[in-house]
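This is what each chain is made of:
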Amino acid sequence: MADVTMDKIVSLCKRRGFIFQSSEIYGGLNGAYDYGPLGVQLKNNIRDFWWKEMTQLHDDIVGLDASILMHPRVWEASGHVSNFTDPMVDCKQCKSRFRADQIDLSAPCPVCGAKDSFTEPRNFNLMFATHIGANADAASTIYLRPETAQGIYVDFKNVVSSSRVKIPFGIAQIGKSFRNEITTKNFIFRSCEFEQMEMQWFCKPGTDEYWFPYWREQRMAFYHKMGIHPEHLRWHQHGPDELAFYAKDAYDIQFLFPMGWQELEGVHSRTDYDLTQHQTFSGKDMSYLDQETNERYIPYVVETSAGLTRNVLMALSDAYDEQELEGGDVRTVLHFHPEIAPITVAVLPLVKKDGIGEYADKLEHKLREDFATFYDQSGAIGRRYRRMDEIGTPYCVTVDYDTLKDDTVTLRFRDSMEQVRVSVSELAARIKQENKAYKRI
Ligand code: GAP
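Below or above, wherever it landed, is the structure these notes cover. What you see is a predicted model; the values in this text were computed from it and never measured.

When helices and strands are tallied, the protein chain shows 13 helices and 23 strands. Seen through its principal axes, the protein chain has C-alpha atoms that stretch 75 × 70 × 45 Å. Looking at the protein chain residue by residue over its 441 residues, the buried ones come to 52%. Once local pairs closer than 6 in sequence are excluded, the contacts in the protein chain between residues at least 24 apart make up 65%. Only carbon and sulfur atoms are counted for the fraction: they give 49% of the accessible area of the protein chain, which is about 20,800 Å².

Spelled out as structure tokens, the structure:
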């Protein structure tokens, strides 16, 4: 396997239109990124893969799309106004800013080398504040949400009364979150604007002891299903000093990113903390009545919280490979699972003339109904295969002179580079079958 570095990933992302620095022509904005044509498709595919897994393939999980802007009291109740902070220090010499827990405060400044130049650590709230309405006063201060979870808690009663759900059940949501991160290195790993895929599982107090390990197992299985190398994934249980203010217990799924093992997703046992807080702050009853036993209680919550944009970085890092071919040539290839690859099938006419281009064009239009396709007729066929390998397209279909005679095409597989002859009438079914049977090499 290739030595995957962040520089290689960043450069491929820029070169092939996956991800760009935000506002690049103005010198860029730290912690913000734009997803180009292939990047947005990859991100949407991972999003859809998660959504299908959580809502379609699991019993009793419904969806929600709450607004990013919420009543400011939400963030007082959740604890984010008082607790969602990182300790920060500034270098008095060069004005660089650091997380106090991420550098050695007795060492010289890592940027300018000045000694004894750090300010005293002070707590810095990570929420972005803005104002709603025309008056920019304290009463109009609102926050861009730092997690999607609170939208789910606040709508808990609306969902219960409108959807006939019964405990245990879950509410899933995907959306943007914002954090004014002090350090935003490592590309899209930690950004100020990012997307989360969160599910809150509401259960009877006590049964969280069953559901917490259940959801840990389900979430790890999800990444295996996405074709991520199992040896690049591991668990990390939070120690008492790492636990977030709301958590009774928490485990992270860590992934072996190019810079080392880091958190990919958190599975948290949140008890009735959030619903109770919202009941206290809103004065509204947040309890649940079990119709069968007539018991009333505030449900416990097990949360699964994954970063969608962080999943994109994981998918790219895990898929990246450089392979030496016969003759010494090296190909860069992204071994994406076909379900998340931005393009599934490329249709390539061997030559443009003699009706081959037209045949290939028609075939590509036909395949569009079932797959994300791409038509490429420029350059030598080997070069076209390489271009498709580099963006992770699992199948290339080549139309040649024989196609005109017998309606067969060459189907080429990205990972093995194996080629088989397939009848055009069976092509779509064959690709679907290959997708289902896909095994990561
Ligand atoms: N609702 C719980 C929650 O937000 P978290 O551990 O703070 O928990 C969950 O965040 C996930 O969101 C992380 O595992 C990570 O994948 C993603 N995430 C958090 N902060 C991020 C950031 N600044 N940039 C990108 N992804 C981030």
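Next comes the rest of the description.
With that settled, consider the nonpolar core. Core analysis: the biggest nonpolar cluster contains 62 residues, and F18, I19, Y223, L316 and F336 have the highest contact counts within it. Considering each element in turn, this core owes the most residues, seven residues, to helix α9 (residues 308-319). Not counting residues within four places of it along the chain, the set of residues in contact with Y223 comprises I228, L233, I253, L264, E265, A306, N311 and M314. By size, the runner-up hydrophobic cluster in this structure holds 18 residues, among which are A66, A149, I152 and L275.

Lining the immediate surroundings of the ligand are 21 residues, of which E147, E181, E198, E263 and E303 lie closest. Between the ligand and E263, the relevant distance is 2.6 Å, taken from an oxygen atom to a side-chain nitrogen or oxygen of the residue. Here L264 contributes a backbone N or O atom positioned 2.8 Å from an oxygen atom of the ligand. Taken by itself the ligand offers 550 Å² of open surface, and the protein chains cover 93% of this. Listed by contribution, the elements that provide at least two residues to the shell around the ligand are β10 (193-203), β13 (260-271) and β16 (300-307). Considering each element in turn, the shell around the ligand owes the most residues, six residues, to β13. Partitioning the shell around the ligand into residue classes produces five nonpolar, six polar and 10 charged.

Attention now goes to the pattern of salt bridges. The full count for this structure, using the stated rule, is 33 salt bridges. Linking K43 and E195 is a salt bridge whose minimum nitrogen-to-oxygen distance equals 2.7 Å. Placement of the pair is K43 in helix α2 (residues 37-56) and E195 in strand β10, with a sequence separation of 152 residues. E195 shares its class with K43; the two are buried. What you see here is one network of salt bridges that share partners, running through E147, R270, D274 and E303.

Here Y214 is to be found in helix α7 (residues 208-225). Put simply, Y214 and V302 are 88 residues apart on the chain and 9.9 Å apart in space, counted from C-alpha to C-alpha.

Taken as a whole, the largest pocket spans an internal volume of roughly 1,200 Å³. Considering the residues around the largest pocket, the lining is formed by 43 residues, among which F84, R179, R190, H238 and E263 are closest to the centre. Elements with a contribution of two residues or more to the lining of the largest pocket: α4 (80-83), β4 (85-90), β10, β12 (249-257), β13, β16 and α9. No other element matches β13, which puts seven residues into the lining of the largest pocket. Here the residues of the lining of the largest pocket are counted per class, giving 12 nonpolar, 15 polar and 16 charged. Reported here for the second largest pocket is a volume of approximately 550 Å³. Contributing to the lining of the second largest pocket are 20 residues, with F49, K52, P338, E339 and N435 lying nearest its centre. Secondary structure elements with two or more residues in the lining of the second largest pocket: α2 and α13 (424-437).

Further remarks concern the sheet that holds strand β21 (residues 395-399). Strand order in the open sheet made by the five strands is β20-β19-β21-β22-β23, with mixed pairing throughout. If you trace the sheet from one side to the other, it starts and ends with β20 (373-375) and β23 (419-423), each paired once. Between one strand axis and the next, the sheet turns through 25° on average, direction left out of account. Note that β21 and strand β22 (residues 408-413) share four bridges and pair antiparallel. The residue of β22 that forms the bridge with C396 is R412. Contacts between helix α11 (residues 381-390) and the sheet are confined to β19 (345-349), β20, β21, β22 and β23, with β19 contributing the most and set at about 170° to the helix. Along the sheet face, α13 touches β19, β21, β22 and β23 and points at about 130° away from the line of β23.

Calculation notes
- Residues numbered from 1 in each chain as written.
- Predicted model: local features only at pLDDT ≥ 70, side-chain atom pairs only at ≥ 80, totals over all residues.
- Heavy atoms only, no water.
- Helix = DSSP H or I, 4+ residues; strand = E, 2+ residues; numbered from the N terminus.
- Buried < 20%, exposed > 50% of the residue type's maximum accessible area, 1.4 Å probe, protein only.
- Contact = heavy atoms within 4.5 Å.
- Areas by Shrake-Rupley, 256 points an atom, 1.4 Å probe, with all protein chains shown as cover.
- Core = buried A, V, L, I, M, F, W, Y, C linked by side-chain atoms within 4.5 Å.
- Near = heavy atom within 4 Å.
- Polar contact = N/O pair within 3.5 Å; in protein donor to acceptor, adjacent residues only side chain to side chain.
- Nonpolar A, V, L, I, M, F, W, Y, C, P; charged D, E, K, R; others polar.
- Salt bridge = Lys/Arg side-chain N within 4 Å of Asp/Glu carboxyl O.
- 1 Å grid on protein atoms, 1.4 Å probe; cavity = no way out; pocket = protein on both sides within 12 Å on 5 of 7 lines; lining within 4 Å.
- Points joined across faces, edges and corners; volume = space filled by probe spheres on them.
- Pairing = 2+ DSSP bridges.
- Axes fitted to C-alpha atoms, helices over the stretch in contact; angles between N-to-C directions.

The analysis is restricted to geometry; functional conclusions fall outside its scope.
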